[in-house]
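# Geometric and topological summary
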Amino acid sequence: MTITNDIQYVGVNDHQVDLFEGQYVVPNGMSYNSYVILDDKIAVMDTVDQNFTHQWLDNLQRVLGSRKPDYLVVQHMEPDHAANIANFLKVYPEATVVSSVKAFGMMKQFFGSSYDDRRIVVGEGDTLELGRHTLTFVTAPMVHWPEVLVTYDSLDKVLFSADGFGKFGALDVEEAWDDEARRYYIGIVGKYGAQVQALLKKAATLDIQTICPLHGPVLTENLGHYLHLYDLWSSYTPEKEGIVVAYTSVYGHTKAAVELLAEKLKNKGCPNVLVYDLARDDMSQAVSDAFCYNKLVLATTTYNADVYPFMKEFIHHLTERSYKNRTVALMENGSWAPLAAKVMKEMLASSKNLTFTDTTVRILSALSDESREQIEAMANELCVEYLAQHDETANKNDLTALFNIGYGLYVVTSNDGNKDNGLIVNTVVQVTNTPNRVAVVINKENYSHHVIQQTGVMNVNCLDTTAPFSVFQRFGFQSGRTADKFEGMETLRSDNGLVFLPKYVNSFMSLKVEQYVDMGTHGMFICSVTEARVMNKNETMTYNFYQANVKPKPQTEGKKGFVCKVCGWIYEGDELPADIVCPLCKHGAADFEPIA
């Protein structure tokens, strides 16, 4: 396979393997990827699994012809990639090994030698000149071993990403990337989200046109899609709306309860309901989907005053991989002393930012009228936003939505006649309740101020604490006059025809402007409420919560100057210009503070 004019693929496909790493079912096999960079000097990028020594060496020889390799770059010492280091050096005794200091220590363990007489130790920012190609090494510790390097070729703009962006499946099998890449990532790398986030920040500074991983296909198109998914996975942000129901059942009664719940969830508008029998279904797929979707139901029997073993294993997989930022519901079954819900909640105690439903379903041996009522209540809790999103099931006069107004952060949506628009505001106040009046204050420089003055209508979406930083980037760091802020985003509409957000909000209100007050730099719109829906019970996103938990921490170490309190952009200098405008969030000097 030709990657670029100078880069050739010499990897292999493995259809002999049944369990990758001894635990992950791989029905379509695995690929072990290796690459050759042909230049004045020749670099071979990693080796392959021990079962394919001769096939790999044959592939290598066909690409090299009469030439000999100068370097073997070892990015990762796991044996599926590094098993043939010694065999390579026997065939090419004049080659030099290039790797990290920790990797050479592992070579001593695997092969009995750290190759002191024929090695180059590289670390962060080090380079290797091949001729026209310059390789720059980037350390990626714990992605997912401590010795890992990734390598950037600045000529062809190729990132050799080690295990990053890999997937299950051999290259001679056609299958979608996302699902098997997600299962691979969550299983192999899921514990190390913080380290992956650090690597993504380094990658963001590079002009990458091709990604060459050690497993799975070479990625050349729509790289933003893969980078976006890695950002979601490594930040533990739910990828999709939906509910995973994971259960164990001994005599079928818990299974019957799960089937009843799943039916109700579908009937109440949940867009995706996935049910896993943990004793029979692929455990790794169940774990992967638990991270993919935003809600999880755990249903099991009490067993030996504990929980059923397959459920215990499942929860262990979740907590080991830092499961967080989801809604969880619990169902338990027991004939004399049900304890499963208590045990499961205790097992999840270390998981951060989990919201448990108010309802816990308790089944005493078999379904009863009482437990059926609990299942109905649980389904209503889990589907409250789905019910609110659809006109036929929404309560459009739920004025308790007004209770979610505080010193929070909101997305105000409008439409200029050609496209939808939205912006972040932090001043929404209920001013009277008979009749219900709400005041919204917007900076006159914002395009939305102009649009709402012209149209007289808006929607106020009350952001909740699940909203990620990307929401603030989308609606706060660009102008609706020049950008389509809803590009690629699912949209729903209220009765006034305006967009409301389907997620990350606990309520929204449709407002009609009744009065306008000019406040100099800002305008106050005093509005009547024409529609109000409550979407969920999550806490409202306050400005303090945003600052403490959502906004990325600015990298101020070793820098002197001022940092924007809104987005974290840094101005380096002794004095802050009075007329400065942050290039990211467009806030002025008042929102900057000195770097401590």
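Check the secondary structure of the protein chain and you find 16 helices and 34 strands. For 596 residues, the compact-globule estimate of 2.2 N^0.38 gives 25 Å, and the C-alpha radius of gyration of the protein chain, at 28 Å, lies within 12% of that figure. Seen through its C-alpha atoms, the protein chain measures out along the principal axes to roughly 85 × 70 × 45 Å. When burial is assessed residue by residue, the protein chain has 54% of its 596 residues classed as buried. The long-range fraction of contacts in the protein chain, counting pairs at least 24 apart against all pairs at least 6 apart in sequence, stands at 68%. Surface summary for the protein chain: the accessible area is close to 26000 Å², and the carbon and sulfur share equals 48%. Taken as two groups, the 51 positive and 73 negative side-chain charges of the protein chain have centres that lie 3 Å from each other.

L298 and F314 are the most contacted members of the largest nonpolar core, which has 92 residues in total. Not counting residues within four places of it along the chain, the set of residues in contact with F314 comprises A246, L278, M283, A286, V287, A290, L296 and L298.

Spatially, the three strands line up as an open sheet ordered β33-β32-β34, and their pairing is antiparallel. Either end of the sheet is taken by a strand with one partner, and the two such strands are β33 (570–572) and β34 (592–594). Going across the sheet, the axis of each strand differs from the next one's by a mean of 25°, ignoring polarity. Of the strand pairs in this sheet, strand β32 (residues 561–564) and β33 are connected by three bridges, and their pairing is antiparallel. Paired with V563 across the strands is I570, a residue of β33.

In this chain, V143 is followed by H144 through a cis amide linkage whose omega measures 5°. Within the secondary structure layout, H144 lies in the loop between β12 (134–139) and β13 (149–153). In this structure, P435 follows T434 across a cis peptide bond, with omega equal to 0°. With respect to the secondary-structure elements, P435 resides in the loop between β25 (428–433) and β26 (436–443). A positive phi is found at N304, a non-glycine position, where the angle reads about 55°. Position of N304 relative to the elements: it lies in the loop between β18 (293–303) and β19 (306–307). Overall, the relative accessible area of 69% leaves N304 in the exposed class.

Once that is clear, we can look at the sheet that holds strand β11 (residues 127–129). The mixed open sheet is built from five strands, whose spatial order is β11-β12-β13-β14-β15. With partners counted over all chains shown, the strands left at the sheet margins are β11 and β15 (210–212), one partner each. Neighbour-to-neighbour, the strand axes of the sheet open up by a mean angle of 20°, direction not taken into account.

Our focus in this paragraph is the packing of helix α9 (residues 283–292) against helix α10 (residues 309–320). Taken N-terminus to C-terminus, the directions of α9 and α10 make an angle of 50°; their axes are 10 Å apart at the nearest point. In terms of orientation, α9 and α10 fall into the oblique class. By crossing handedness, the relation of α9 to α10 is classed as right-handed. The segment α9 lies against α10, with M283, A286, V287, A290 and F291 engaging F310, E313, F314, H317 and L318. Among the residues forming the contact of α9 with α10, the class breakdown is eight nonpolar, one polar and one charged.

Taking 1.5 Å per residue as the helical rise, helix α1 (residues 53–64) with its twelve residues ought to reach 16 Å, and the 16 Å between its terminal C-alpha atoms agrees with that figure. Looking at the buried positions of α1, the neighbouring elements they touch are β2 (12–14), β6 (35–37), β7 (43–45) and α3 (85–91).

For the structure shown, the criterion picks out 26 aromatic pairs. On the numbers, 5.6 Å between centres and 65° between planes, the contact of Y35 with F160 is edge-to-face. With Y35 in strand β6 and F160 in strand β14 (residues 158–160), this pair connects stretches of sequence that are 125 residues apart. For F160, a relative accessible area of 0% translates into the label buried. Arranged with centres 6.1 Å apart and planes meeting at 85°, the rings of W569 and F592 form a pair that is edge-to-face. Within this pair, whereas W569 is found in the loop between β32 and β33, its partner F592 is found in strand β34, the two being separated by 23 residues in sequence. Taken together, the ring pairs connect F165, W177, Y185, Y226, Y230 and W233 into an aromatic cluster.

Attention now goes to the pairing of strand β16 (residues 240–247). For β16, a buried count of seven out of eight residues is recorded, marking the element as mostly surrounded by other parts of the structure. Taken together, the six bridges between β16 and β18 define a ladder with parallel strand orientation. What sits directly across from I243, in β18, is K295. Judged from the five bridges that link them, β16 and strand β17 (residues 273–277) form a sheet pairing that is parallel. Within β17, the residue paired with A246 across the bridge is Y276. Note on the crossover from β16 through helix α8 (residues 253–267) to β17: the handedness is right-handed.

The rules we used
- Residues numbered from 1 in each chain as written.
- Predicted model: local features only at pLDDT ≥ 70, side-chain atom pairs only at ≥ 80, totals over all residues.
- Heavy atoms only, no water.
- Helix = DSSP H or I, 4+ residues; strand = E, 2+ residues; numbered from the N terminus.
- Rg over C-alpha atoms; globule rule 2.2 N^0.38 Å.
- Buried < 20%, exposed > 50% of the residue type's maximum accessible area, 1.4 Å probe, protein only.
- Contact = heavy atoms within 4.5 Å.
- Areas by Shrake-Rupley, 256 points an atom, 1.4 Å probe, with all protein chains shown as cover.
- Lys, Arg positive; Asp, Glu negative; His and termini not counted.
- Charge placed at Lys NZ, Arg CZ, Asp CG, Glu CD.
- Core = buried A, V, L, I, M, F, W, Y, C linked by side-chain atoms within 4.5 Å.
- Pairing = 2+ DSSP bridges.
- Axes fitted to C-alpha atoms, helices over the stretch in contact; angles between N-to-C directions.
- Parallel < 35°, antiparallel > 145°, perpendicular 65-115°, else oblique.
- Left-handed = near helix turned anticlockwise from the far one by under 90°.
- Nonpolar A, V, L, I, M, F, W, Y, C, P; charged D, E, K, R; others polar.
- Expected span 1.5 Å × (residues − 1).
- Phe/Tyr/Trp six-rings, centres within 6.5 Å; stacked < 30°, edge-to-face > 60°.
- Right-handed = clockwise from strand over helix to strand, strands pointing away.

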